[in-house]
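Chain residues, written in single-letter form:
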Amino acid sequence: MVGLLFIGLGRIITARVQRRIGPPFYQQFIDVIKLLARESIWHHWIMTLGSIMALGGLIATMVHVPVAGWLPYDSGGPIFLILYLATIGYLGMAMGVSASGNPNAPLGIGRALSLMLGYEIPFAAILILFISLTGSSSLTEIAAMQTGGFLSWNIVKFPLAFIAAEITVQAMMAEKPFDQMIAPSEIASGPLVELGGKFLGLGMIQMAVAIYFETAIMVNLFFGGGANIFTFTLKQFGVYTIAILINSVMPRYKIENAVRYIWTVPLALIIIQMLIVFLR
Amino acid sequence: MIDLFTDITEIANKDGNKVYDIFFGPNHPGMHGNFGYVVDMIGHSIAKARVNAGLLHRGFEKIMETNLWHQNLSLIPRICVVDPDPNEAAYCGAIEKIMGLEIPERAKFIRTITLEMSRMTSHLMGMGSVGGATGLYTVMYLMLADRDRLLDMFEWLTGGRIYHIYNIPGGVRRDLPKGWRDKLYGLMDFFESKLKEYDEILYRHPIIHKRLKGVGVITADQAKKWGITGPNLRATGVKFDTRKAYPYAAYDQLEFDIPTEKEGDALARANLVRAEFEVTISIIRQALDKLPEGDVNIKLGNPLKFKVPEGEAYAKVESSKGEYGYYIVSTGGIKPYRVSVRGPSLPAGLFLCHKHLPGMRIDDVALWMNTLQICAPDFDR
């Protein structure tokens, strides 16, 4: 629900940048409800399995991400498990849409997997920094280390790591300049090209869930988590707004340039941050 | 180049790599217009390409033979939706040549102004579509919103936003409305002030440079050999513009430069459009300054009985996409005997697709097409 709300508000922000009015903030809810109520064309049972696997993987990821220190059960927000489960979601999507038979879908999936190879390296470096500082891979503990006000937040203490993480999350969210996997004018929306009805509805929910947990990871890593769900969600929206604003003024890289950029700029930033931290 | 990739196709087949087709249009977000290319793909790269044309073919030239001279005025703008006025001007120019008519000075200047306004609307869409093809939709939306201001002016002047049907044999349909000229001056100031914004968000963007550089390179010799005209020709360094070489309307009374680029790639073509946009602002200002008083057309009688004396003529006009030429034959009747149109999109869209697309990645096809300004209805006619 929060992810869909973010997408709705993001569409309004983008529209205002483009001097348009934009759709109402609840448009995404209407679209998902409409799509889930429709009949769907499917090409192979793998397509159904892949869609369910994708959504299942992402929901499994979501329940491990602490929200204002709260979790459905006491897993502590293990970051490596979160990344592992998130990959299952993306692989499910890859499997499902590849079964659709449209050549644009595997082209998009190929780009998504290449990009994943790109952003996982700097993101892993960011995690290594925090794990070595806190001595724990628990997101709850990383967030708890930042209690004591704004100056205790990691965004203030490790600004270079934050910039690196922002760039990486931009790629995770497939926002420009890293939206190669969708690229409508090149590969006709890639993985989404053959999805309609319930499949597209599920795809939109997957996107919302992905935005939710990716922004939640950022809030836990850099913004001290949150005192309550309201402040936590507000911080999440702040992270998403930055991504949307960058998205609206950026064109798209080619995939090799995107990966090269991610392997150089964010990785260099995080290495510099590590040197500053460990040599101090 | 074609042979090279034919070989690669054979190697790919031999190695068991799958060659598959992608229909890049007509139903593709990267394609504008009911037109397309069918591309044989190996991985992300194109091995072969062929034009998927004919979807917009209406037989314009044949239909024109069955219509009255004036009826055709509502048909010809549809040959290029984005930049319709050059078609009207070329058609009327050819008729006037056969009739030996010299249209009033005021009509010449008004034609010049509307032709340049039409060029601006087309260039705004062209510049915006570069943003659209690279995912920078903000540019596209901003430029289309700015373009609407010009369409408002067209609506005020002609009653139509897209198809103006304003040029007629003997001049233009009506005089400028009161206040229109001052408003257009203001609009030119507005567009001049917007150039800085266009530069910042599009032309100076490093990713745009990275995406456009080296895509679809044409040399000057190739351009001349294949009959490439307009900005695509000038982007190769050839300083040729019909407005200067064979002046029509009031262009011989105006001072303007012809911008050129050297590289001949997509970046050069995009930069040239930006430079031409600036020149167009200057031309419109000069035409407005020098606009003489007087009649705007020569009365040629009842359009339903209008006849063109026996003869033939060729008239050409420089559109935003290149040269439009109309060859008209009249047998002295109320309908043309033959109207043949020479548009700029056919050489660019047909010959260059075989030259450029093999070896190109699917990423660049929309950009390649946008910077070449291939107009689907002009291609198909």
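Residues numbered from 1 in each chain as written. Chains lettered and ligands numbered in written order. Predicted model: local features only at pLDDT ≥ 70, side-chain atom pairs only at ≥ 80, totals over all residues. Heavy atoms only, no water.

With that settled, the discussion passes to the interface of chain B and chain A. The accessible area lost on association of the parts is a frequent measure of interface size. In this complex, chain B contributes 31 residues to the contact, which on the side of chain A involves 25 residues. The contact between chain B and chain A buries some 2,400 Å² in all, and 57% of this surface belongs to carbon and sulfur atoms. Seen at the junction of chain B and chain A, the total is five salt bridges. One salt bridge in this structure joins E197(B) and R19(A), with 3.4 Å as the shortest N-O distance. (Contact = heavy atoms within 4.5 Å. Buried area = accessible area lost by both parts, 1.4 Å probe. Salt bridge = Lys/Arg side-chain N within 4 Å of Asp/Glu carboxyl O.)

Once that is clear, we can look at the domain arrangement of chain B. Per the domain assignment, the segments making up chain B are domain 1 (2-52) and domain 2 (61-342). The straight-line distance from the C-alpha centre of domain 1 of chain B to that of domain 2 of chain B is 34 Å. (Domains from an automatic or database assignment.)

Here we take up unusual backbone geometry. With the exception of glycine, the majority of residues adopt a negative phi angle, and the majority of peptide bonds are in the trans configuration. In the segment running from K176(A) into P177(A), the intervening peptide bond is cis, with an omega of 10 degrees. If you trace the backbone, P177(A) turns up in the loop between α8 (159-172) and α9 (184-187). Phi is positive for R381(B), close to 40 degrees, though the residue is something other than glycine. Using a relative accessible area of 14% as the deciding quantity, one classes R381(B) as buried. (Helix = DSSP H or I, 4+ residues; strand = E, 2+ residues; numbered from the N terminus. Buried < 20%, exposed > 50% of the residue type's maximum accessible area, 1.4 Å probe, protein only.)

In this structure, Y37(B), M64(B), Y91(B), L184(B), F191(B), L357(B) and W368(B) are the most contacted members of the largest nonpolar core, which totals 114 residues. In terms of residues, this core owes the most to one element, helix α11 (residues 266-290) of chain B, which gives 11 residues. When residues of this core are assigned to domains, at least three map to each of domain 1 (2-52) and domain 2 (61-342) of chain B. Those residues in contact with L357(B) that sit more than four places away from it in its chain are Y37(B), V39(B), I46(B), A49(B), L352(B), V365(B) and W368(B). By size, the runner-up hydrophobic cluster in this structure holds 77 residues, among which are V32(A), A54(A), F178(A) and V209(A). (Core = buried A, V, L, I, M, F, W, Y, C linked by side-chain atoms within 4.5 Å.)

Here we come to the environment of P78(A). Residues and elements named next belong to chain A. In this fold, P78 is placed in the loop between α3 (45-62) and α4 (79-98). Taking relative accessible area as the criterion, P78 reaches 21% and is therefore assigned partly exposed. In this structure, P78 is in contact with H64 and S137, ignoring residues within four places of it in sequence.

Scanning the model with the defined rule gives 38 salt bridges over all chains in all. E105(B) is the salt-bridge partner of K108(B), the closest N and O atoms lying 3.2 Å from each other. Of this pair, K108(B) and E105(B) both sit in helix α4 (residues 105-133), three residues apart, which is roughly one turn of the helix. Judged by its relative accessible area of 12%, K108(B) is buried. Across the pair R285(B) and E192(B) runs a salt bridge whose closest N-O atoms are separated by 3.1 Å. Highlighted residues: R285(B) in helix α11 and E192(B) in helix α6 (residues 180-203), separated in sequence by 93 residues. Sharing partners across several salt bridges, the network here consists of R111(A), K176(A), D179(A), E186(A), R252(A), K254(A), E256(A), R211(B), R361(B), D363(B) and D364(B).

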